[in-house]
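# Summary of structural features
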Amino acid sequence: MGTLAAVLGTCCVAPWAVGLVGVSGAVTLARLARWQPWFLIVAAVMLAMAFYWAYRPAPVCADGSCETTSRRRLRWFVWIAALVVAALGVAALNPLLLYHIH
Amino acid sequence: MLRAIVSLFVVSLALGATACSAAQTDHASAGSAKVIVLDDNASQLRDDFNRAKGSVRLLLIVDPICPTCLRGLADVDASLLSKTHDTRVQTFVVHMPVIGAKATDVSPAAELLHNPNVHNYWNASGNFGRLAGNALQLRQGDKTVYAWDVWIVYGPDAVWQSGPPTPDLLMHQLPTLPAKQFLDADAFAAKAQALLNHLPARAKAN
């Protein structure tokens, strides 16, 4: 969910969009830009769900039959996604941070 | 759970790879647009602009890797340039490295305009933005605004002297200029068409 949140948060008007998705893709992204706040909200909600899933209390079974898997990698993914979405959110809300105009 | 995450990651990578190949296709198929390197006085643009006196002229100032600028080019193409190849409409597009574009980025962006009467220029220093901002008197308070992501229509009588002349219509996609002038491609096309309707038809070439 954290990965999907980061992907959703990538709708932006960043200059690297052309290098990533080409001119046509950048035009499409720019047309989606007005939905950007909604994408960021959905990304934040999905991140919250991802954090809950990563940190929810582990089930405890008296007879030890519950599966105990490590969530360490999941938590790494979630934090990385959170940082990416946060960075994209800051950049989206203030595009001038992305570049210096003459 | 981990399998789902890995699957999602692989899908994201596949999407990214597809997007990157699309980007490379954009670059590979581009390169057919002629681009003139512009000096800081924009002398070539001035000469071409004045040579086209008597026509409706469009001046578009963009960064070829700015997605918003690219959207503007696509919208103006859809609303006007792809629909009319009338030689009485001449378009001058100045590309500048405002947010880091390179000369190789110009051709892919130029491909967005499907019109034979488009002239593309590359101003590597970006000084044209200052020249135009001063000449067009773009202001935010008492501060001159650097001219980029600006979309201008000129009538047939406009003459370029030391800088872009006073426009018949100026639109932009900048947060620092008045919102009422924000680019509306349909209104932009309507203004150009209105000016074109007042021009005499050119005699057909023999």
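Before reading on, note that the structure itself is shown above.
Below is a summary of the structure that appears in this document. Along every chain, residues carry numbers that run from 1 in the direction the sequence is written. All chains are assigned letters beginning with A, and all ligands numbers beginning with 1, in the order in which they are written. Residues qualify for local features only when their pLDDT is at least 70, as the model is predicted, and side-chain atom pairs are given and counted only at 80 or more; totals for whole chains, interfaces and linings, by contrast, use all residues. Think of the side-chain values as coming from all heavy atoms in the structure, minus any hydrogens and water.

So, about unusual backbone geometry. Residue and element names in this part refer to chain B. Unlike most non-glycine residues, alanine 42 shows phi in positive territory, near 55°. Secondary structure is summarised from DSSP: a helix means a run of H or I of at least four residues, a strand means a run of E of at least two, and numbering begins at the N terminus for each. Tracing the backbone through its elements, the reader meets alanine 42 in the loop between strand S1 (35-37) and helix H2 (43-51). Even without being glycine, glutamine 137 reaches a positive phi, approximately 55°. For glutamine 137, the location among the structural elements is in the loop between helix H5 (127-135) and strand S5 (139-140). Using a 1.4 Å probe on the protein chains alone, a residue whose accessible area is under 20% of its type maximum counts as buried, one over 50% counts as exposed, and one in between counts as partly exposed. In this structure glutamine 137 comes out as exposed when scored by relative accessible area, which is 59%.

All names here are of chain B. The buried fraction of strand S7 (residues 150-154) is high, at 5 of 5 residues. Both faces of S7 are covered, namely the face carrying Val150, Ile152 and Tyr154 and the face carrying Trp151 and Val153. Two strands pair if DSSP finds at least two bridges between them. Bridge count for strand S2 (residues 56-62) against S7 is 5 bridges, and the pairing is antiparallel. Residue pairing in the sheet places leucine 59 in a bridge with isoleucine 152 of S7.

Here we come to helix H6 (residues 185-197) of chain B. Residues and elements named next belong to chain B. For H6, spanning 13 residues, the distance from its first C-alpha to its last is 18 Å, which sits close to the expected 18 Å at 1.5 Å a residue. Along H6, the residues classified as buried are Ala185, Phe188, Ala189, Ala192, Leu195 and Leu196. Projected down its long axis, H6 carries its buried residues within an arc of 125°, all on one side. Exposed positions of H6 whose direction lies more than 90 degrees from the buried face are Asp186 and Asn197. A contact between two residues is defined here by any heavy atoms of the two lying within 4.5 Å. Where H6 is buried, its residues meet S2, helix H3 (67-81), strand S3 (89-95), S7 and strand S8 (169-172). Think of a polar contact as two N or O atoms within 3.5 Å of one another; within protein, one of them needs to be a possible hydrogen donor and the other a possible acceptor, and neighboring residues in sequence only count if both atoms come from side chains. Measuring from the backbone nitrogen of aspartate 186 back to the side-chain oxygen at the start of H6 gives 3.1 Å, which picks out aspartate 184 as the cap. Helix span, as expected, comes to 1.5 Å for every residue beyond the first. The arc in question is the one traced by the directions running from the helix axis out to the C-beta atoms.

Remark: nonpolar core denotes a set of buried residues (Ala, Val, Leu, Ile, Met, Phe, Trp, Tyr, Cys) joined through side-chain atoms within 4.5 Å. Counting 68 residues, the largest nonpolar core has B:Leu45, B:Leu58, B:Leu73, B:Phe128 and B:Phe188 as the members making the most contacts within it. The dominant element in this core, judged by the number of residues it contributes, is H3(B), at 7 residues. For B:Leu45, the contacting residues outside a window of four places in its chain are B:Leu38, B:Leu59, B:Phe92, B:Val94, B:Tyr121, B:Phe128 and B:Trp160. Formed by 5 residues, the second largest nonpolar core is a distinct cluster that contains A:Ala43, A:Leu47, A:Ala81 and A:Val85.

This next bit is on the packing of H3(B) against H6(B). In a packed pair of helices, the relevant descriptors are the angle between the two axes and the axis-to-axis distance. Residue and element names in this part refer to chain B. For helices, the axis comes from a line fit to the C-alpha atoms of the stretch in contact; other axes are also lines fit to C-alpha atoms, and the angle between any two N-to-C directions lies between 0 and 180 degrees. The geometry of H3 relative to H6 is characterised by a closest axis approach of 9 Å and an angle of 40° between their N-to-C directions. In terms of orientation, H3 lies oblique with respect to H6. As for the relative orientation of H3 and H6, their crossing is right-handed in sense. Side by side, H3 and H6 meet where Asp75, Val76, Ser79 and Leu80 of the first sit next to Ala185, Asp186, Phe188, Ala189 and Ala192 of the second. Orientation categories follow fixed angle ranges, with anything under 35 degrees roughly parallel, anything over 145 roughly antiparallel, 65 to 115 roughly perpendicular, and all other angles oblique. Handedness of each helix crossing follows the sense of rotation of the near helix against the far helix: counterclockwise by less than a right angle gives left-handed, clockwise gives right-handed.

Residues and elements named next belong to chain B. Inspection of the secondary structure puts asparagine 115 in the loop between helix H4 (106-110) and strand S4 (118-122). Of note is the side chain of asparagine 115, whose polar atom sits 2.7 Å from the backbone nitrogen of asparagine 117. In this view, asparagine 115 contacts Leu81, Thr84 and His85; residues no more than four positions away in its chain are not counted.

All names here are of chain B. Along the polypeptide, aspartate 149 turns up in the loop between strand S6 (143-144) and S7. For aspartate 149, which is buried and forms no salt bridge, the nearest opposite charge comes from arginine 71, at a distance of 6.6 Å. Within the structure, aspartate 149 has its side chain in polar contact with the side chain of glutamine 173 (distance 2.8 Å). In this charge count, Lys and Arg are treated as positive and Asp and Glu as negative; neither His nor the chain ends contribute. Basic side-chain nitrogens of Lys or Arg form a salt bridge, by our definition, when they fall within 4 Å of a carboxyl oxygen of Asp or Glu.

Here the focus is the environment of A:Tyr55. Tracing the chain through its elements places A:Tyr55 in helix H3 (residues 36-55). Note: C-alpha distance between A:Tyr55 and A:Thr28 (27 residues apart in sequence) is 36 Å.

All names here are of chain B. Mapped onto the fold, leucine 170 is located in strand S8. According to the relative accessible area criterion, leucine 170 is buried, its value standing at 12%. A C-alpha to C-alpha distance of 16 Å links leucine 170 and proline 156, two positions 14 residues apart in sequence. With near-sequence residues (within four places) excluded, leucine 170 lies in contact with Leu136, Leu138, Val150, Trp151, Ile152 and Gln181.

Looking now at the pairing of S4(B). Residue and element names in this part refer to chain B. Burial analysis of S4 places 4 of its 5 residues in the buried class, which makes it a mostly covered element. With 5 bridges joining them, S3 and S4 adopt parallel strand pairing. By the bridge assignment for S4, histidine 95 is matched with tryptophan 122.

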